Amino acid sequence: MKILLAIDGSDFSKSAVKELAKMPLPNDSEISVMNVYEHPTVWAPDLLTMETVRPYYKEVISRAEKSAEKSAEKIVAEAANALKNKNGTLKITTSVVSGLPKKEILEQAEAFGADLIVLGSQGHGALSRFLLGSVSQYIATHAKCSVMIARNKDEK
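Reference entry: report on the structure contained in this document.

Cut-offs and rules
Counting of residues starts from 1 at the beginning of each chain's written sequence and follows it residue by residue. In keeping with the model being predicted, local features are shown solely for residues with a pLDDT of at least 70 and side-chain atom pairs are shown and tallied solely at 80 or more, while totals for entire chains, interfaces and linings include all residues. The side-chain quantities take in all heavy atoms of the structure and omit both hydrogens and water. Throughout, exposure labels follow a simple rule: accessible area from a 1.4 Å probe, protein chains only, divided by the maximum for the residue type, with under 20% read as buried, over 50% as exposed, and the rest as partly exposed. Where helices and strands are cited, they refer to DSSP runs of H or I of at least four residues and of E of at least two residues respectively, numbered from the N terminus. For this quantity, the arc is that covered by the directions from the helix axis to the C-beta atoms. In what follows, residue pairs with any heavy atoms lying within 4.5 Å of each other are defined as contacts. By nonpolar core we mean a set of buried residues, namely Ala, Val, Leu, Ile, Met, Phe, Trp, Tyr and Cys, connected to one another through side-chain atoms within 4.5 Å. Between N or O atoms, a polar contact is any pair within 3.5 Å; within protein, one atom must be a potential hydrogen donor and the other a potential acceptor, and residues adjacent in sequence are included only when both atoms are from side chains.

1. Remarks on helix 7 (residues 135-142)
Link 1 in the chain: What helix 7 keeps buried is the set Val135, Ser136 and Ile139. Within helix 7, the buried residues cover an arc of 95 degrees as seen down the axis, which keeps them to one side.
Link 2 in the chain: Looking at the buried positions of helix 7, the neighbouring elements they touch are helix 5 (101-112), strand 4 (116-120) and strand 5 (146-150).

2. Side note on the nonpolar core
Link 1 in the chain: Ranked by internal contacts, the top residues of the largest apolar core, which has 19 residues, are Leu5, Ile7, Leu20, Ile31, Val33 and Leu83.
Link 2 in the chain: Among residues more than four places away in sequence, those in contact with Val33 are Leu5, Ile7, Val76, Ala79, Leu83, Ile92, Thr93, Thr94 and Ser95.
Link 3 in the chain: Of all hydrophobic cores here, the second largest spans 15 residues; its members include Leu4, Met34, Ile139 and Ala143.

3. Digging into the side chain of Ser13
Link 1 in the chain: Relative to the assigned elements, Ser13 resides in helix 1 (residues 11-22).
Link 2 in the chain: For Ser13, a relative accessible area of 4% puts it in the buried group.
Link 3 in the chain: At a separation of 3.1 Å, a polar atom in the side chain of Ser13 contacts the side chain of Asp8.
Link 4 in the chain: The contacts of Ser13, once residues within four sequence positions are left out, are Ile7, Asp8 and Gly120.

So, in structure tokens, the structure goes:
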């Protein structure tokens, strides 16, 4: 069984790691743990398109990207270690990519040949879901394989 675990370090994704660790899996199962961080230009495109871009803007963007990537690598390493501690026979790989989570998760699932995508719920209210869209909802409705959305038991 091939499982893609998409996490972002939130309490919701920590619940997904815990739920996956509890699942009885065949010994030949493969788990790909992934984190998608948004490139700083996604949330600050005007900084790079301004005609009078100051050098420190580029430096800020570069530092933000390096920080996001470092944080993402730590998140996937911790999740992989937690899964290895529960079942040492699993083949676990990790990846960190920059992009839009909805798009990157679906592309990774297809490239990996995932049988199951596991991710945490987002817990957005109705207004946030309408404005931003829920990654978990999008994945559940667009994935070509099964999807497990883990909820945080403390979530209301």
